[in-house]
Every structure is written in structure tokens, then in C-alpha cells.
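# A closer look at the structure
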Amino acid sequence: MKSHEGKTVITEAELHRVATQALTALGLSDVAAADTADILVLADLFGVSTHGTSRIESYGERLSIGGIEAQPDIQVERVAPGMAKVNGNNGIGPLVGQSALKTAMELARDNGIGVAFARGSNHFGPVSPYCYIAANAGFASFIGSNATTTIAPWGGREARLGNSPIGFGIPNPGGTPIILDMAMSVVARAKIRNAAKQGQTIPASWATDRNGAPTENPNEALEGFLQPIGGHKGYGLALIVDLLAGVLAEAAYLSHVKSWVNAPDQPQNLGHFFILIDTSRLGSATWLSSRIGDFIDIIHSTPPVDPSTPVLLPGEIEMMNLLRQRREGISIDRATLDTLARHARA
């Protein structure tokens, strides 16, 4: 390991080992801890450190007081040839997410398309790792989750919606997949929390104060609401995601979702949906690779406004981070590693 300016460079294998040990010390089984670590380490590899192994600290706090069940009895009910319900029984979010993803993959292999609705879950990390895993197995994906209320309905003064992250993944045989991972807020709440910790201001477009007025003060923003992307259009998308992940999945929705900050000892009952398409049913890997390659070339060949900043595809920066950090090591906060090591020793 190498250290520099509060960061430590660590191999993927070592980070996965430490994260898995920390999670088993918190009560997860070996298999569940490894599945959970898979998602969180991928987030760090992508450079999405706010949703990576640093989340084990907050997961651990809830596990220690019974807000999350360390060893849940996750149940899968197939309700149609290509559709299933997954009851996470208040398990740690990435574990429930992995269970639902694997279920949707099995359904898609058998039927060409697979849909899994999960309930009884918690924060499951970023969407992109699930899309990445699916894409590498040949599946196109549409994945989403609801979340704790942070967004006011358009024109409202009280939070009723979560930032409802969604992700799309398209496989690229022989290359890196194309992945779009986005929340319905302009930024994730974690970025505002980080700004508050560092004493920094935030752009006024990120959030409002408790009265709905735009603010550059992160502490006021944490007491107010996140701004939806695209104004009323983002509000509409957040609403639809919650209908899919909350209402159809039989999970909590809107203000029924418990806050893990204000009620950390209570189950959140978050919901997720996983919609997967087996692209091998549409054509061969060579066929898809040729079409995706041409698609990418058309985008990359677009003349940029700034010659020093080429036009990129969604998720391309994360894929470059992945390749670089797998080669050179993952740059991670020493404080995060210290927390993981402390849990692992407990």
C-alpha cells in the first residue's frame, strides 16, 4: 500500500478482503459479506467513493442497533415465467440487490427477459455496479431504487420523494459496457454532506433550504431539499421510479420510507427493480460488438466544443477509472481504511 495526502493506494483484492472481514465482523455470513463487498469495491473502482466501502461505517451503525438484519432470510417468489418478487427481510442493501440481480439474470437466461422486484431492503449502493455485472454477463439492464425523502414535489415545500437512482447498462462484447447511472437529484446528498464536513459552499443549483429557497450553504441544504434534475421533468421521473420500486415492489414508498438518519433502528423497507434483457437472443456477440463499436465511433467522432475535452459516453469516465485502478491500485481515504480495519478487528 502507498499513502499520499490522506489517501492510500490499495489493490482491489486487498480492499475486498478488508471490506469482507469488516462485514463478517458486523455479523454477515462469509458469502453475504463477499457479495456485499463486490458492489462496494466496484463503486470505489469506478471512483464513486461516496457510495463505496466508506458506506460500511453507516451500515455498521445500523447493524449494531438492529436497524438492519445481519443474516436475513431472503426469499424469492417466482410469480410468472419472467418475473419474481424478492423479499430482503431487512437485509443489508447490496446483499438484497445482489440477490435480486442474480434472480433477474436467471429469469432472463430462461425467458429472454427477466424482472425482479425487491422489497424489505436498505440503501444498496450505486446502481452502476449492478449494471456492470449484468452487462459483463450479456444482459442489457434497467435498474432502479427508491430512497429516503429528500425532494419536494414540484411546487411543494415538503420532501415527499427520494432521489430515486436509476441505471441503464448495455453490454459491449470485447470492450467496456456503456452505463448510465444517475439519481433524480442534481447531486447525491452525500456530496452535500462532504461539503459540509469540509466547510465548503455548494452551487445554488444543488439544493434549497427548508423554505424552498436555493442555498449555497450545505448545512442549510441538509435541512432542506435536493433539487430535481430538469425541474418538473426530474420530479416526474422520480415519481415513476418510486411507483416501480416502491408501489409495484410492495416496498415502502414516498414518505412511508424511514430515514436511516432520523430512525436508524427501524427497517427502511426500500424497494428496487431489476429489468434485464438477454442480448444473445437478439444476435451474436460479433453482431452486437460491431453495432456498439459503430455507435461509439459516431459519438467519439463528434467535434468537441473544447478540443482538449473530447466527447465521451455516459459512464466512460467510470470505466476508465476502473481500468486504471485495477492496474495501479485503488486510491481510498485512509480514514475509510482505518474504519474497515477497526471493524475487522472487533
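The numbers attached to residues start from 1 for each chain and follow its sequence in the written order. Thresholds applied to this predicted model are a pLDDT of at least 70 for local features of residues and 80 or more for the giving and counting of side-chain atom pairs; totals over whole chains, interfaces and linings are not thresholded and use all residues. Hydrogens and waters are ignored; side-chain quantities use all the structure's heavy atoms.

- Looking up the chain in an unreviewed UniProt entry gives the name Hydroxyacid dehydrogenase, with the organism given as Aureimonas altamirensis.
- UniProt positions are given in the numbering used here, feature names are shortened, and annotations may be inferred rather than shown by experiment. Within the UniProt record for the chain, the comment given under Sequence similarities (unreviewed entry) is "Belongs to the LDH2/MDH2 oxidoreductase family."

## Remarks on the overall build of the chain
- Helix and strand assignments follow DSSP, with helices taken as H or I runs no shorter than four residues and strands as E runs no shorter than two, numbered in order from the N terminus. Looking only at helices and strands, one finds 11 helices and 12 strands in the chain.
- The C-alpha radius of gyration of the chain comes to 20 Å, within 12% of the 20 Å expected for a compact globule of 346 residues.
- Projected onto its principal axes, the C-alpha coordinates of the chain cover approximately 50 × 50 × 50 Å.
- Residues classed as buried in the chain amount to 49% of the 346 residues present.
- Contacts in the chain between residues at least 24 apart in sequence constitute 65% of all its contacts with a sequence separation of at least 6.
- Carbon and sulfur atoms form 54% of the exposed surface of the chain, whose accessible area is close to 15900 Å².
- Positive: Lys, Arg. Negative: Asp, Glu. His and the chain ends are not part of the count. Charged side chains are reduced to one point each, which is NZ for Lys, CZ for Arg, CG for Asp and CD for Glu. Each charge sign in the chain was given a centre, from 27 positive and 32 negative side chains, and these centres are 2 Å apart. Put simply, the radius of gyration uses C-alpha atoms, and a globule should come to 2.2 Å times the residue count raised to 0.38. Summary of the burial criterion: residues with accessible area below 20% of their type's maximum are buried, those above 50% are exposed, and those between are partly exposed, where the area comes from a 1.4 Å probe applied to protein chains only. Should any heavy atoms of two residues lie within 4.5 Å, those residues are counted as being in contact. Each accessible area value is a Shrake-Rupley result obtained with a 1.4 Å probe; residue values ignore everything except the protein chains displayed when judging cover.

## Concerning the side chain of Asp 44
- With respect to the helices, strands and loops of the structure, Asp 44 is situated in helix α2 (residues 30-46).
- For salt bridges, the criterion is a side-chain nitrogen of Lys or Arg within 4 Å of an Asp or Glu carboxyl oxygen. Summary of buried charges: Asp 44 has no salt-bridge partner, and the nearest side chain of opposite charge, Lys 7, is 8.3 Å away.
- Leave out the neighbours within four places in its chain, and Asp 44 touches Leu 15, Ser 49, Gly 52, Thr 53, Gln 325, Ile 330 and Ile 332.

## Some remarks on the environment of Ile 192
- Mapped onto the secondary structure, Ile 192 falls in helix α6 (residues 189-197).
- Residue classification places Ile 192 among the buried positions, given a relative accessible area of 0%.
- Sequence separation of Ile 192 and Glu 106 is 86 residues, and the distance between their C-alpha atoms is 38 Å.
- Excluding residues that lie within four positions of it along the chain, Ile 192 makes contacts with Val 187, Ile 202, Trp 206, Ala 207, Pro 218, Ala 221, Leu 222 and Leu 226.

## With respect to the environment of Leu 248
- Along the chain, Leu 248 falls in helix α8 (residues 232-248).
- Leaving out residues up to four positions away in the same chain, Leu 248 has contacts with Phe 117 and Leu 243.

## Focus: the packing of aromatic side chains
- What counts as a ring pair is set by centres within 6.5 Å for rings of Phe, Tyr and Trp (its six-membered ring), and what kind of pair is set by the plane angle: stacked under 30 degrees, edge-to-face over 60, tilted for all other angles. Within this structure, the stated rule accounts for seven aromatic pairs.
- Ring centres of Phe 124 and Phe 274 lie 6.3 Å apart, and the angle between their planes is 80°; on these two criteria the pair is classed as edge-to-face. On the criterion of sequence distance, the pair formed by Phe 124 in the loop between β5 (113-121) and α5 (128-136) and Phe 274 in strand β11 (residues 270-278) is long-range, its members being 150 residues apart. We note that Phe 124, like Phe 274, is buried.

## Quick look at the pairing of β11
- With seven of nine residues buried, β11 is to be regarded as a mostly interior element.
- One ladder, built from seven bridges, connects β5 with β11; its direction is antiparallel. Bridge pairing in β11 links Ala 116 to Phe 274.
- Sheet topology places strand β6 (residues 139-145) next to β11; seven bridges connect them, and they run antiparallel. Bridge pairing in β11 places Ser 141 opposite Leu 276. Strand pairing follows a simple DSSP-based rule, namely that at least 2 bridges must link the two strands.

## Some words on the sheet that holds β11
- Read from one edge to the other, the open sheet built from seven strands follows the order β3-β4-β5-β11-β6-β7-β8, with strand pairing classed as mixed. At either margin of the open sheet sits one strand with a lone partner, and together these are β3 (75-80) and β8 (178-182). On average, each strand axis in the sheet is tilted by 10° relative to the strand beside it, whichever way the strands run.
- An axis is simply a line fitted to the C-alpha atoms; with a helix, the fit covers only the stretch in contact. Between two such axes, the angle follows the N-to-C directions and lies from 0 to 180 degrees. Contacts from α8 reach β5, β6, β7 (166-170) and β11, with the element oriented near 110° to β11.

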